[in-house]
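# Secondary and tertiary structure notes
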Amino acid sequence: MRTIAFVFASCCLVTAAFAEDSCKVQATGKNLHGAALTSFAKKCCKDQATAQKLHGAAETSFTKKCLSDATAS
């Protein structure tokens, strides 16, 4: 049972890492800066959280980290 829980948690973390990279890569590919970058990153991160079916604190935490990573210089 522990092994199954560990594998499931690992898959969730890997999925989250790909989502964050995806938003950052997409924003970089569009060559966005300033308010346009922030707006795009917010929508992208929120869409990723929805796609992963996150709710409540998990959604808030994911979106906050994703946005931070996507808008970092």
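Residues numbered from 1 in each chain as written. Predicted model: local features only at pLDDT ≥ 70, side-chain atom pairs only at ≥ 80, totals over all residues. Heavy atoms only, no water.

### Thoughts on the overall build of the protein chain
Heads up, the condition is: Only DSSP runs of H or I reaching four residues or more are called helices, and only runs of E reaching two or more are called strands; each is numbered from the N terminus. Any residue under 20% of the maximum accessible area for its type is buried, any over 50% is exposed, and the rest in between are partly exposed; the area is computed with a 1.4 Å probe on protein chains only. Should any heavy atoms of two residues lie within 4.5 Å, those residues are considered in contact. Calculation of accessible area relied on Shrake-Rupley with a 1.4 Å probe; when residues are assessed, cover is drawn exclusively from the protein chains displayed.
When its secondary structure is counted, the protein chain shows three helices and zero strands. Each helix and strand of the protein chain, placed in order from N terminus to C terminus, yields the pattern α-α-α. Classification of the 73 residues of the protein chain by burial places 21% in the buried group. Taking the intrachain contacts of the protein chain between residues at least 6 apart in sequence as the baseline, contacts between residues at least 24 apart amount to 56%. Carbon and sulfur atoms make up 65% of the accessible area of the protein chain, which totals about 5300 Å².

### Focus on the pattern of salt bridges
Between side chains of opposite charge, pairing is possible as soon as their charged atoms come close. Cut-off, in case you're wondering: Any carboxyl oxygen of Asp or Glu within 4 Å of a side-chain nitrogen of Lys or Arg constitutes a salt bridge here.
Enumeration over the complete set of coordinates arrives at two salt bridges. When the shortest N-O distance is used, the salt bridge between lysine 43 and aspartate 47 registers 2.8 Å. Of this pair, lysine 43 and aspartate 47 both sit in helix α2 (residues 34-51), separated by four residues, roughly a single helical turn. With a closest N to O distance of 2.9 Å, aspartate 69 and lysine 65 form a salt bridge. Here lysine 65 and aspartate 69 lie together in helix α3 (residues 56-71), a separation of four residues that amounts to about one turn.

### With respect to α2
For the record, the criterion: Expected span of a helix: the number of residues minus one, times 1.5 Å. The reported arc concerns the directions from the helix axis to the C-beta atoms and nothing else.
Its 18 residues give α2 an end-to-end C-alpha distance of 26 Å, which sits within 8% of 26 Å, the value for a rise of 1.5 Å per residue. Where α2 is concerned, the buried positions are Leu37, Phe40, Ala41, Cys44, Cys45 and Ala49. Looking down the long axis of α2, one finds its buried residues gathered within 165° of arc, a one-sided arrangement. Along α2, exposed side chains directed more than 90 degrees from the buried face belong to Ala35 and Lys43.

### A word on the packing of α2 against α3
The packing of two helices is summarised by the inter-axis angle and the distance between the axes. Test applied: Axis geometry follows a simple rule: fit a line to the C-alpha atoms, using only the stretch in contact for helices, then measure angles between N-to-C directions, giving values from 0 to 180 degrees. The crossing is said to be left-handed when, going from far helix to near helix, the turn is anticlockwise and less than a right angle, and right-handed when the turn is clockwise. All residues other than Ala, Val, Leu, Ile, Met, Phe, Trp, Tyr, Cys, Pro, Asp, Glu, Lys and Arg, Gly among them, are scored as polar; the first ten of these are nonpolar and the last four charged.
Packing of α2 against α3 leaves a shortest axis separation of 9 Å and a crossing angle of 145°. Our pair here, α2 against α3, has a crossing hand that is right-handed. In contact with Leu37, Thr38, Ala41, Lys42, Cys45, Gln48 and Ala49 of α2, α3 contributes Glu59, Phe62, Thr63, Cys66, Leu67, Ala70 and Thr71. Looking at the contact of α2 with α3 residue by residue, the classes come out as eight nonpolar, four polar and two charged.

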